[in-house]
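Summary of structural features
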Amino acid sequence: MIIARTIGELQVAKKALSGTIGFVPTMGALHQGHLSLIQEARKENEHLIVSIFVNPTQFLEGEDLDAYPRKDEADIKICELAKVDILFMPSIEDMYEEDELCIGAPAVRGYVLEGEKRPGHFDGMLQVVMKLLNLSGATHAYFGKKDAQQLALITQMTKNYFMDVNIVPCEIVRDDRGLALSSRNVYLQGDEKERALCLSKSLKKATHMILAKELDVASIKTEMLQVLNEADKVEYIAIVSREFKAIDTIEIGNTIILVAAWVGKPRLIDNLWI
Ligand code: AMP
């Protein structure tokens, strides 16, 4: 595995590649969720590039940029074992200059849910993903459904800017009790680990209701809120179409149920694709 710590090193390493390039962008502190993306990309491509970059422009003032978990050594080992060809770990200085051209998230889809709660987050996320897709020369880029709105916006960006890359959605990986894996789960202390399960439990509740033919969005949200009582603060429960438009009735095959809640220090998100 080649570790490229600068754009120049990445460009040199990439010269040896021909054929399909699978790419998995991450912010590191790799867990099984990241690994599932890496393994899928490994299977489906001739070459595999992974990036680790904690992108400052997607963190808002007061968010956990400085405290964001960093585990470079362990991450390098994981990538080696997963047969990554190039691990790209650039510096902030290499990735950004002063007074940059910016990409804006779309006015509607980019400013609901996560976009409403974290204004500016998606602008920074799209900016870095555009850079990383261009730098990697990816033919296929892998993103988790865990960040459903992020995935939708990246897919839209590649469409709107006619970018020649396939965006591959990957399933959410959970621990054996149902908690969606996240680098931020390390912040959970004591009983918060137990209480954090209320997010996935609320989605299970919704599944049971839908299986019992309850398709009314308002009724499902009311029941989910009961389950989410264990969180310290629920930021949203949303039931939307795959286009992120509000709906009144569940449409099987075209619905996403999303939750965001604070449990102790971390703000957790989870979702379910119906
Ligand atoms: P991050 O390092 O949090 O920026 O995540 C990098 C990629 O891993 C994104 O595409 C995430 O959606 C994906 N990811 C993070 N957690 C999970 C998970 N539990 N299951 C599947 N994909 C995930």
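The residue numbers shown here count from 1 along each chain, following its written sequence. Reporting in this predicted model follows two pLDDT cut-offs: at least 70 for local features of residues, and 80 or more for side-chain atom pairs to be given and counted; totals over whole chains, interfaces and linings ignore these cut-offs and use all residues. Hydrogens and water molecules were not included; the side-chain quantities draw on all heavy atoms of the structure.

1. A few points about the packing of aromatic side chains
Stated formally: Paired rings are identified among Phe, Tyr and Trp, the last through its six-membered ring, by centres lying within 6.5 Å, and are further divided according to the angle between planes into stacked (under 30 degrees), edge-to-face (over 60) and tilted (the rest). Lysine and arginine charges are scored as sitting over a ring when NZ or CZ, respectively, is within 6 Å of the ring centre and within 35 degrees of the ring normal.
The final tally for this structure, using the stated rule, is two aromatic pairs. Here the guanidinium or amino end of lysine 145 rests over the ring plane of tryptophan 273, the centre of that ring lying 4.7 Å away. Between lysine 265 and the ring centre of tyrosine 187, over which it is positioned, the NZ or CZ distance is 4.0 Å.

2. Quick look at the site of the ligand
Threshold: Note on terminology: near, applied to a residue and a molecule or strand, indicates that one of the residue's heavy atoms is within 4 Å of it. Residues adjacent in sequence count toward polar contacts only when both atoms are side-chain atoms; beyond that, a polar contact is any pair of N or O atoms within 3.5 Å, and within protein one must be able to donate a hydrogen and the other to accept it. What sets the accessible areas is the Shrake-Rupley method with a 1.4 Å probe; for residues, cover comes only from the shown protein chains. Segments assigned H or I by DSSP are reported as helices when at least four residues long, segments assigned E as strands when at least two residues long, and all are numbered from the N terminus.
Around the ligand there are 17 residues in total, and Met27, His34, Asp147, Val173 and Leu181 lie nearest to it. Histidine 34 places a side-chain nitrogen or oxygen 2.9 Å from an oxygen atom of the ligand. Starting from 480 Å² of accessible surface for the ligand in isolation, the protein chains cover 92%. Mapped by element, the contributors of at least two residues to the shell around the ligand are strand S2 (21-26), helix H2 (32-44) and strand S5 (140-144). With three residues, the top contributor of residues to the shell around the ligand is H2.

3. Structural notes on the pairing of strand S6 (residues 166-170)
What counts here: Paired strands, as defined in this entry, are two strands with at least two bridges between them according to DSSP.
Across five bridges, S5 lies against S6 in parallel orientation. Its bridge partner being in S6, phenylalanine 143 is matched across the sheet by proline 169.

4. Some remarks on the side chain of histidine 34
Here is the rule: Three exposure classes are used, based on accessible area relative to the maximum for each residue type with a 1.4 Å probe and protein chains only: buried under 20%, partly exposed in between, and exposed over 50%. Whether two residues touch is decided by their heavy atoms; if any such pair falls within 4.5 Å, the residues are in contact.
Take histidine 34: it is sitting in helix H2. For histidine 34, a relative accessible area of 13% corresponds to the buried category. Within the structure, histidine 34 has its side chain in polar contact with the backbone nitrogen of histidine 31 (distance 3.0 Å). If we ignore the near neighbours within four places in the chain, the residues touching histidine 34 are Thr26, Gly28, Ala29 and Ser183.

5. Quick look at the sheet that holds S2
Whenever strands of a sheet pair, they do so through backbone hydrogen bonds, lying parallel or antiparallel. Inclusion rule: For helices, the fitted axis covers only the stretch in contact; all axes are lines through C-alpha atoms, and the angles between them, taken along N-to-C directions, range from 0 to 180 degrees.
Here we have six strands laid out as an open sheet, ordered S1-S4-S3-S2-S5-S6, and parallel in their pairing. Either end of the sheet is taken by a strand with one partner, and the two such strands are strand S1 (2-4) and S6. Between one strand axis and the next, the sheet turns by 25° as a mean value, whatever way the strands run. Two strands pair when backbone bridges link them, and S1 and strand S4 (residues 86-88) are joined in this way by three bridges, in the parallel orientation. The residue bridging isoleucine 2 from the neighbouring strand is isoleucine 86, located in S4. In this fold H2 packs onto S2, strand S3 (47-52), S5 and S6, with an angle of close to 155° to the strand it touches most, S5.

6. Some words on helix H6 (residues 121-136)
Our working rule: Multiply 1.5 Å by the residue count of a helix minus one, and that product is the helix's expected span.
Over its 16 residues, H6 extends 22 Å from the first C-alpha to the last, a length consistent with the 22 Å expected when each residue adds 1.5 Å. Two residues or fewer after H6 comes glycine 137, characterised by a positive phi angle close to 65°.

Shape is all these values report; function is a separate question.
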